[in-house]
Amino acid sequence: MAFATAQELDLFKMLIAVSGVGPKSALSVLSTLKPDDLVSAILGSNADLIAQAPGIGKKTASRVILDLKEKLEKGWGGMVSMCPTGDNADMIAALTNLGYSVADASRAAAAVPSSEDLTLEEKIRLALRNLARQ
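Residues numbered from 1 in each chain as written. Predicted model: local features only at pLDDT ≥ 70, side-chain atom pairs only at ≥ 80, totals over all residues. Heavy atoms only, no water.

1. Looking at the overall build of the protein chain
Secondary structure summary: the protein chain contains 9 helices and 0 strands in total. In sequence order, the protein chain lays out its α and β elements as α-α-α-α-α-α-α-α-α. Going through the 134 residues of the protein chain one by one, you find that 38% of them count as buried. (Helix = DSSP H or I, 4+ residues; strand = E, 2+ residues; numbered from the N terminus. Buried < 20%, exposed > 50% of the residue type's maximum accessible area, 1.4 Å probe, protein only.)

2. Examining the packing of aromatic side chains
Tallied over the entire structure, the rule returns 1 aromatic pair. Between F3 and F12 the ring centres are 5.1 Å apart and the planes differ by 45°, which places this aromatic pair in the tilted class. The class for F3 is partly exposed, based on a relative accessible area of 22%. (Phe/Tyr/Trp six-rings, centres within 6.5 Å; stacked < 30°, edge-to-face > 60°.)

3. Side note on the packing of helix α1 (residues 6-16) against helix α3 (residues 35-43)
Their axes nearest at 10 Å, the elements α1 and α3 cross at an angle of 40°. As far as their axial angle goes, α3 and α1 are oblique. Where α1 crosses over α3, the handedness of that crossing is left-handed. When α1 is examined against α3, the residues Q7, E8, L11 and L15 are found in contact with a partner set consisting of P35, D36, L38 and V39. Looking at the contact of α1 with α3 residue by residue, the classes come out as 5 nonpolar, 1 polar and 2 charged. (Axes fitted to C-alpha atoms, helices over the stretch in contact; angles between N-to-C directions. Parallel < 35°, antiparallel > 145°, perpendicular 65-115°, else oblique. Left-handed = near helix turned anticlockwise from the far one by under 90°. Contact = heavy atoms within 4.5 Å. Nonpolar A, V, L, I, M, F, W, Y, C, P; charged D, E, K, R; others polar.)

4. Observations concerning the packing of helix α8 (residues 102-110) against helix α9 (residues 120-133)
How two helices pack is summed up by the angle between their axes together with the distance between the axes. Put simply, α8 and α9 touch, their axes get as near as 8 Å, and they point 115° apart. Every pair of crossing elements has a handedness; the one defined by α8 and α9 is right-handed. In contact with D104, A108 and A109 of α8, α9 contributes A127, N130 and L131. Per-class residue counts for the contact of α8 with α9 are 4 nonpolar, 1 polar and 1 charged.

Geometry only, nothing functional implied.
Written out as structure tokens, the structure is:
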């Protein structure tokens, strides 16, 4: 088994330490999400994104978040500031559910004006337009 980066290997070891996550499931998560996207999903408590990996249900994804969030906050401290909150988190979750990467979704959400007059749906439409232009 070869990993592209030391970060992937570290995440694999952390994942298999979670109750209910074996090597096959851990590899499934790492093949579905890039390491930075996985860390962002855990720190942002985005169980839906983690559950997109084959063989990982919402319950297991929640357990991964519960078990690894504190460890990752210590090890990947710089990523904590990148965790979206509020409408941006909702926009990013919607865009990742549509198949966009967390990085692309975050960039598109950041480009949307933060106006109180816009509904979440309108903000998502604007973010999708931003993604279409890229």
